[in-house]
Amino acid sequence: MSLIYVLNGPNLNLLGKRQPEVYGHETLAMVEADCRRVAEELGHSIRFEQSNREYEIIDWIHAAREEAAGIIINPAALTHTSIAILDALNAYDHPVIEVHISNVHKREAFRHHSYVSLRADGVIAGLGTEGYQLAIRRICTLLKS
Ligand code: CA2
């Protein structure tokens, strides 16, 4: 059994509470429950975290170096700004999947660039919160091969 980290950036604690037309009706707690169920079905476990603080996300990526067989990350707005998160992920040796609930490419131009995509092994955008479950399935496939 491997541990997979699922990390979420700023404001994602508001999921399901505001802007359902963009981000859907599921809360982050529901996303966590879905991720846990899918990971357990596939014989793995998850650590699921959210923070509004960039340094905390960086600290979790550092902890993942020792503990996690893969990282799924929705860095939220830090996707478009954080070289520090990119640097932390570049020091991580296992699979990384970047997830966005909305289709960032259909939105404002400033959301079209992602620092994290320079490191990610795969990127999922616009599939709603289901993207998290698909990312877990993909990490599990990569762990088998
Ligand atoms: O589509 C995504 O998952 C994003 O990562 C979400 C970020 C946004 O800055 C990215 O460009 C795309 C925003 C997360 C804020 O989440 C909220 C959820 C509900 C209500 C308000 C904010």
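Scroll up to find the structure this text is about.
So, here's what we can say about the structure. Computed from a predicted model, the values in this text were never measured in an experiment.

1. A short note on the pattern of salt bridges
Thought 1: Considering all chains together, one arrives at nine salt bridges under this definition.
Thought 2: The partner of R111 in a salt bridge is E108, with the nearest N and O atoms 2.7 Å apart.
Thought 3: Under the relative-accessibility criterion, R111 is labelled buried at 17%.
Thought 4: Salt bridges sharing partners connect three or more residues here, namely D34, R37, E41 and R137.

2. A word on the side chain of H80
Thought 1: Mapping H80 onto the fold places it in the loop between β3 (70-74) and α4 (83-90).
Thought 2: Those residues in contact with H80, other than ones at most four positions away along the chain, are V104, F110, R111, H113 and Y115.

3. Some remarks on the site of the ligand
Thought 1: In the vicinity of the ligand, 17 residues are found, and the nearest of them are N74, H80, I101, S102 and R111.
Thought 2: Separating an oxygen atom of the ligand from a side-chain N or O atom of S102 is a distance of 2.6 Å.
Thought 3: Contact with the protein chains hides 94% of the accessible area of the ligand, taken as 510 Å² for the molecule alone.
Thought 4: Here the shell around the ligand is built from residues that sort into nine nonpolar, six polar and two charged.

Thresholds, definitions, all that
Residues numbered from 1 in each chain as written. Predicted model: local features only at pLDDT ≥ 70, side-chain atom pairs only at ≥ 80, totals over all residues. Heavy atoms only, no water. Salt bridge = Lys/Arg side-chain N within 4 Å of Asp/Glu carboxyl O. Buried < 20%, exposed > 50% of the residue type's maximum accessible area, 1.4 Å probe, protein only. Helix = DSSP H or I, 4+ residues; strand = E, 2+ residues; numbered from the N terminus. Contact = heavy atoms within 4.5 Å. Near = heavy atom within 4 Å. Polar contact = N/O pair within 3.5 Å; in protein donor to acceptor, adjacent residues only side chain to side chain. Areas by Shrake-Rupley, 256 points an atom, 1.4 Å probe, with all protein chains shown as cover. Nonpolar A, V, L, I, M, F, W, Y, C, P; charged D, E, K, R; others polar.

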